[in-house]
Amino acid sequence: MVVGRFAPSPSGRMHLGNVFSALLAWLSVRSAGGKMILRIEDLDPDRCRPEYAAQLRRDLEWLGLDWDEEQTPQSQRTEAYAEAFARLDTYPCYCSRNELHAASAPHASDGAVIYSGTCRDLTAAERAAKTRRPAWRVRVPDEEVSFVDGLQGEVRENLARECGDFILRRSDGVYAYQLAVVVDDALSGVSEIVRGHDILSSTPRQIYLQRLLGFETPEYAHIPLLEDAQGRRLAKRDGDTDLTALAKRFSREEILGMLACSAGLLDENRSATMEELIDTFDWEKVRTEDMRLPEDVF
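Described in the following lines is the structure provided in the data block.

### Remarks on the overall build of the protein
In terms of helices and strands, the protein carries 11 helices and 12 strands. With 298 residues in all, the protein has 50% of them scored as buried. For the protein, long-range pairs separated by at least 24 residues make up 76% of all intrachain contacts whose partners lie at least 6 apart in sequence. Counting only carbon and sulfur atoms, one obtains 45% of the accessible surface of the protein, whose full area is about 14,300 Å².

### Quick notes on the environment of Gly 64
Within the secondary structure, Gly 64 is located in the loop between helix 2 (50-63) and strand 3 (69-70). On the basis of relative accessible area, Gly 64 is assigned to the partly exposed category, the value being 24%. In the structure, Gly 64 is positioned 189 residues away from Glu 253 in sequence and 9.9 Å away in space, judged by C-alpha atoms. Setting aside residues no more than four positions away along its own chain, Gly 64 makes contact with Trp 26, Arg 252 and Met 274.

### A few points about the sheet that holds strand 8 (residues 166-169)
With respect to topology, 3 strands assemble into an open sheet ordered 4-5-8, the strand pairing being antiparallel. Each of the sheet's edge strands pairs with one partner strand only, and the pair in question is strand 4 (90-93) and strand 8. Within this sheet the neighbouring strands show an average axis-to-axis angle of 50°, counted without direction. Looking at chain direction, strand 4 and strand 5 (residues 135-138) are connected through 4 bridges and run antiparallel. When the sheet's bridge partners are listed, Tyr 91 is paired in strand 5 with Arg 137. Along the sheet, helix 8 (residues 203-213) makes contact with strand 5 and strand 8, crossing strand 8 at roughly 60°.

### Focus: the sheet that holds strand 2 (residues 35-38)
The sheet built from 3 strands is open, its strands ordered 1-2-3 with parallel pairing. Taken across any chain shown, the strands that pair with only one partner, and hence form the sheet edges, are strand 1 (3-6) and strand 3. In this sheet, strand 2 lies alongside strand 1 in parallel orientation, the contact comprising 4 bridges. Paired with Gly 4 across the two strands is Met 36, which belongs to strand 2.

### Topic: the pairing of strand 2
Handedness of the strand 1-helix 1 (residues 16-31)-strand 2 crossover: right-handed. The pairing of strand 2 with strand 3 spans 2 bridges and is classified as parallel. Within strand 3, the residue paired with Leu 38 across the bridge is Glu 70. Read from strand 2 through helix 2 to strand 3, the crossover connection turns out right-handed.

### A few points about the pairing of strand 7 (residues 153-158)
Looking along a regular strand, one sees side chains alternate from face to face of the sheet. Note: strand 6 (residues 144-149) against strand 7, 6 bridges, orientation antiparallel. Following the sheet pairing, Ser 146 is matched in strand 7 by Arg 156. The turn linking strand 6 back onto strand 7 is made up of 3 residues.

### Overview of the pattern of salt bridges
All chains considered together, the criterion is met by 22 salt bridges. Here Arg 161 makes a salt bridge to Asp 142, at a shortest N to O gap of 3.3 Å. Highlighted residues: Arg 161 in helix 6 (residues 159-162) and Asp 142 in the loop between strand 5 and strand 6, separated in sequence by 19 residues. Taking the relative accessible area as the measure of exposure, Arg 161 reaches 58% and is therefore exposed. The class of Asp 142 is exposed, set by a relative accessible area of 53%. A salt bridge links Glu 144 to Arg 156; the shortest N-O distance between them is 2.7 Å. Placement of Glu 144 in strand 6 and of Arg 156 in strand 7 is noted, with a sequence separation of 12 residues between them.

### A closer look at the packing of helix 2 against helix 10 (residues 252-263)
In contact at an axis separation of 9 Å, helix 2 and helix 10 are set at 90° when each is read in the N-to-C sense. In terms of orientation, helix 2 lies roughly perpendicular with respect to helix 10. The residues of helix 10 that touch helix 2, namely those facing Glu 61, Trp 62 and Leu 63, are Arg 252, Ile 255 and Leu 256. A per-class count over the contact of helix 2 with helix 10 returns 4 nonpolar, no polar and 2 charged.

Criteria and thresholds
Residues numbered from 1 in each chain as written. Predicted model: local features only at pLDDT ≥ 70, side-chain atom pairs only at ≥ 80, totals over all residues. Heavy atoms only, no water. Helix = DSSP H or I, 4+ residues; strand = E, 2+ residues; numbered from the N terminus. Buried < 20%, exposed > 50% of the residue type's maximum accessible area, 1.4 Å probe, protein only. Contact = heavy atoms within 4.5 Å. Areas by Shrake-Rupley, 256 points an atom, 1.4 Å probe, with all protein chains shown as cover. Pairing = 2+ DSSP bridges. Axes fitted to C-alpha atoms, helices over the stretch in contact; angles between N-to-C directions. Right-handed = clockwise from strand over helix to strand, strands pointing away. Salt bridge = Lys/Arg side-chain N within 4 Å of Asp/Glu carboxyl O. Parallel < 35°, antiparallel > 145°, perpendicular 65-115°, else oblique. Nonpolar A, V, L, I, M, F, W, Y, C, P; charged D, E, K, R; others polar.

Any functional reading would require information that these geometric values do not contain.
Take a look at the structure:
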């Protein structure tokens, strides 16, 4: 049975980009007669709020994107992450943000810093002399991780050259997204992950952790992103296409139809029901390039 999930972060209201991702994940699962899991990814205590999580649930229910099981929020799953963390080859890193940026050029594709391994081989005495509270990194090999994405095709990444040893636990003790999502997906039996292609570069790291921990690797489909009429990606911080505002101007069926048309599932921008979209869903129809929303949305 296909087991999918929608895993929103309760750091603000959903915009159409979030809804687009949720819709395709939901349609893929429901068209296959599978199981849908909702997981609230509230790892970051500075940005995530319970009231946002409650609103996310209401928004999904209003849209008709139901779920069969809700997983325990990430903020309450520290023991599971700690157990996995203890099984991995990690080391403390004392580098400040400024030191990291000074030591390495950014990755050409996304501006991310490639860790140079400054703290990888510190002696016990050198570690004892440090006063900064460390983050913890996992050692990565100089070898390629590859997988075939359902939409993007074959993806290859050499972790040592393209990201370096990456953080699994922050200096404040919070476990990193890369570890938490791998543990959660494995323990809940997720077999299919549908998400935006802005997270594509994280997938080889997660596959590497899955292999180290003895977990199965799910199937992945990294979908295109939605853009505004000027070609700018939608973001929570910009308040773009807030679902509350949209619901005052458009019906649920109009929103679903607009997103389905943007994805390539409908030939025209019109109202559509969930039942219709389930019956006609096909990954072969889904576009692979980013898509601009109609101007009348804004």
